[in-house]
Amino acid sequence: MAVKKITSPLSPDVSRGLRTGDAVLLSGRVVTARDQVHKYLAAGGDSPVDLKGLVVYHCGPVAIQENGIWVVRAAGPTTSMREEPYEAKVIRDHRPGAIMGKGGMGDATRDALRTEGCAYLHLTGGAASYIARTIVSVEEVYLTGFGQPEAMWVLQVEDLPALVTMDSRGDSLHRKIENSSWKVLKQILKNPFP
Amino acid sequence: MVTLIEKTDSDLPDDVCDALARACEREPEGTVARETLRIILESAALSRNSVLPICQDTGSILAIVRAEPTKRVFDIERALREGLRHLTKKGMLRQNCVDPLTGENTGDNLGEHVPQIHFIPTPAPATVSLMLKGGGSENMSAQYSLPDSGLDAGRDLDGVRRCILDALFRAQGKGCAPGIVGVCIGGDRASGYLLAKEMLFRRLDEPNPVHDLELLEERVVEEANGLGIGPMGLGGRSTLLGARIGLAGRHPACFFVTVAYSCWATRRMTAELDEEGRIARWL
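None of the values given here were measured: they were computed from a predicted structure.

Draft legend 1. Structural context of the pairing of strand E3 (residues 127-133) of chain B. Residue and element names in this part refer to chain B. Where burial is concerned, most of E3 is hidden: 6 out of the 7 residues are buried. Across 7 bridges, the pairing between strand E1 (residues 60-67) and E3 is antiparallel. Across the sheet, Ile61 pairs through a bridge with Leu132, a residue of E3. Examined bridge by bridge, E3 and strand E8 (residues 267-273) share 6 bridges and lie antiparallel to one another. The residue of E8 that forms the bridge with Leu130 is Met269.

Here you go:
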């Protein structure tokens, strides 16, 4: 697989040029946002960081402070679909360069990716140590009132491997797999057990 | 108890690792599925060798204590709670307990009915079985009441099969496939979920003592892997590492099928304790 190197913040051209199936190595600034931050932003709350062009990451890391410095010990993606009620509004209001998580997202997000020229990056769920190794530093942590996993972590990453699974043309690998697996399931069920 | 929790959190059981390695071999070179499984195996090895959490979602904690009904049971409970508090502070466990009313995180993995500790009076020696199960996979678990006309599922093993395949189809990659399903046929609404989860303690390489259930397990695994959902739902041949199916007596009016979906990072350990409450051996 050919791998594209990209750096966050992403320019509008880079975001728009990402295609479903592209393997990428992501470097640069990534901002975590889970359920609480999404709900807050969708309700019109101010973002402590200008998200324009940045990668918004669905993640609640395990982190500890060592001598006053935050160290991320585990930081895999969480299920993105929980942010579906909020994501389209967050994309339209804040214009991030990409959304990153696992499991893919629904039609509202797909429409917002298309109209705003954004993409969805997929990470391997559970590969928390592997991903944490690509986090070179914690720049800042905001909105800590939501609790440590739900806070907004601003991270610097280097060569984080991801796969584009939804893009600005409206393609979705998740939709494709769901449709094909549904067809197989209907066939399989024609033969009863035993 | 700190050792038991830490090991469960960082050391993926060997039977699960073996199943993942076999799944990786099955996927053709150069595919997303193979690369995903390679990353999974590398991450699990890194967590074991560096004693780091396998997943940043260190789960909700289920402990099943089998011991003689003496005062020692309170010591085991206290040690579990202290161990959780200590390891949360140390960055081995994420702060995973939230007050549902206020939305506040308790910060130490302790709260109302948390952790879940079940005590089963049993002759010595005492054992503690621990499971750390992530929220993403927990959200994919499901309970069915048969007959279910939507699934064309009757009160028989074919009906059970239809329920399991439905749960796997709905989960797609959202529960972190390739997963493992623990299934309880029968029981009531509450016992069904608990027993389905307990099935996940059974090793993947041990045969089911009930022959018909073993055949059903094999069939479901084969069919699930044929769905093409694949690792993380990105396509491929590995959707399910194993199915572990058990039974519970049912009320004549009820026929529940409960499917506990567990991610590839199925974290479970059982330790036997000595008289002083120290770990005597791993089971």
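Draft legend 2. Region of the structure containing the packing of helix H2 (residues 35-42) of chain A against helix H3 (residues 84-94) of chain A. All names here are of chain A. As a packed pair, H2 and H3 sit with axes 9 Å apart at the nearest point and diverge in direction by 60 degrees. Here H3 runs oblique to H2, going by the angle between their axes. Handedness of the crossing formed by H2 with H3: left-handed. Where H2 abuts H3, its residues His38, Lys39, Leu41 and Ala42 lie against Tyr86, Glu87, Lys89, Val90 and His94. Here the contact of H2 with H3 is composed, by residue class, of 4 nonpolar, 2 polar and 3 charged.

Draft legend 3. Representation of the domain arrangement of chain B within the structure. All names here are of chain B. Each assigned domain of chain B is listed with its residue range as follows: domain 1 (1-134 + 267-283) and domain 2 (136-262). Taking the mean C-alpha position of each, domain 1 and domain 2 sit 22 Å from one another. Residue-level contacts link 21 residues of domain 1 with 22 residues of domain 2. Elements represented by at least two residues in the side of domain 1 that touches domain 2 include exactly helix H2 (14-26), helix H3 (32-50), E1, E3 and E8. The element that contributes the greatest number of residues to the side of domain 1 that touches domain 2 is H2, accounting for 6 residues.

Draft legend 4. Quick look at the environment of Met232 of chain B. Inspection of the secondary structure puts Met232 of chain B in the loop between helix H8 (211-226) and strand E6 (240-248). A tally of 34 C-beta atoms within 10 Å means that Met232 of chain B is categorised as buried. For Met232 of chain B and Gly179 of chain B, which are 53 residues apart along the polypeptide, the C-alpha to C-alpha distance reads 9.3 Å. Those residues in contact with Met232 of chain B that lie beyond four places of it in its chain are Lys102, Thr124 and Gly125 of chain A together with Thr36, Gly173, Cys176 and Ala177 of chain B.

Draft legend 5. How the structure looks around H3 of chain A. Residue and element names in this part refer to chain A. Every buried residue belonging to H3 is among Tyr86, Glu87, Ala88, Val90 and Ile91, and all of these are buried. Where H3 is buried, its residues touch H2, strand E6 (98-101) and helix H4 (107-116). Of the residues one or two after H3, Arg95 is the one with positive phi, at around 50 degrees.

Draft legend 6. Molecular detail of the sheet that holds E6 of chain B. Residue and element names in this part refer to chain B. Strands sit in the order E4-E7-E5-E6 across an open sheet of 4 strands; the sheet is mixed. Edge positions in the sheet fall to strand E4 (142-145) and E6, since each has one partner strand and no second. Neighbouring strand axes in the sheet, compared pairwise and without regard to direction, differ in orientation by 15 degrees on average. With 8 bridges connecting them, strand E5 (residues 179-186) and E6 associate as parallel partners. Note on E6: the bridge partner recorded for Ile185 is Leu247.

Draft legend 7. Examining the interface of chain A and chain B more closely. If you look at the interface, chain A gives 42 residues, while chain B gives 49 residues. Of all elements in the fold, only strand E4 (62-66), strand E5 (69-74), helix H5 (128-132), strand E9 (152-166) and helix H6 (173-188) of chain A reach the threshold of two or more residues within the side of chain A that touches chain B. A total of 10 residues in the side of chain A that touches chain B trace back to one element, the largest contributor, which is H6 of chain A. Grouping the amino acids of the side of chain A that touches chain B by side-chain chemistry returns 23 nonpolar, 16 polar and 3 charged.

Draft legend 8. Structural context of the sheet that holds strand E2 (residues 116-121) of chain B. All names here are of chain B. Pairing in this open sheet of 5 strands is mixed, and the strands run E2-E1-E3-E8-E9 from one edge to the other. One side of each edge strand has no neighbouring strand; the edge strands of this open sheet are E2 and strand E9 (279-282). Taking the axes of each pair of neighbouring strands and ignoring which way they run, one obtains an average angle of 20 degrees across the sheet. Here E1 runs beside E2; their pairing, made up of 6 bridges, is parallel. Pairing of Ala63 across the sheet is with Ile117, part of E2. Strand contacts of helix H4 (residues 72-89): E1, E2 and E3, with the helix running at about 160 degrees to E1, the strand carrying the most contacts.

Draft legend 9. Molecular detail of the nonpolar core. Counting 138 residues, the largest nonpolar core has Leu121 of chain A together with Ile164, Val183 and Val259 of chain B as the members making the most contacts within it. When residues of this core are assigned to their parent elements, the largest contribution, 9 residues, is made by E9 of chain A. Here this core gathers at least three residues from each of two domains, domain 1 (1-134 + 267-283) and domain 2 (136-262) of chain B.

Draft legend 10. Quick peek at helix H6 (residues 157-171) of chain B. Under the 1.5 Å per step criterion, the end-to-end length of H6 of chain B is 21 Å for 15 residues, consistent within 8% with the ideal 21 Å. Among the 15 residues in H6 of chain B, 11 count as buried, and that is most of the element. Those residues of H6 of chain B lying buried are Gly159, Val160, Arg161, Arg162, Cys163, Ile164, Leu165, Asp166, Ala167, Leu168 and Ala171 of chain B. Close packing links the buried residues of H6 of chain B with H6 of chain A together with E4, E5, H8, E6 and strand E7 (256-262) of chain B. Directly beyond the C-terminal end of H6 of chain B, a positive phi value near 45 degrees is found at Gln172 of chain B.

Conventions adopted
Residues numbered from 1 in each chain as written. Chains lettered and ligands numbered in written order. Predicted model: local features only at pLDDT ≥ 70, side-chain atom pairs only at ≥ 80, totals over all residues. Buried ≥ 20, exposed ≤ 12 C-beta atoms within 10 Å, placed from the backbone. Helix = DSSP H or I, 4+ residues; strand = E, 2+ residues; numbered from the N terminus. Pairing = 2+ DSSP bridges. Axes fitted to C-alpha atoms, helices over the stretch in contact; angles between N-to-C directions. Parallel < 35°, antiparallel > 145°, perpendicular 65-115°, else oblique. Left-handed = near helix turned anticlockwise from the far one by under 90°. Contact = placed C-beta atoms within 7 Å. Nonpolar A, V, L, I, M, F, W, Y, C, P; charged D, E, K, R; others polar. Domains from an automatic or database assignment. Core = buried A, V, L, I, M, F, W, Y, C linked by C-beta atoms within 7 Å. Expected span 1.5 Å × (residues − 1).

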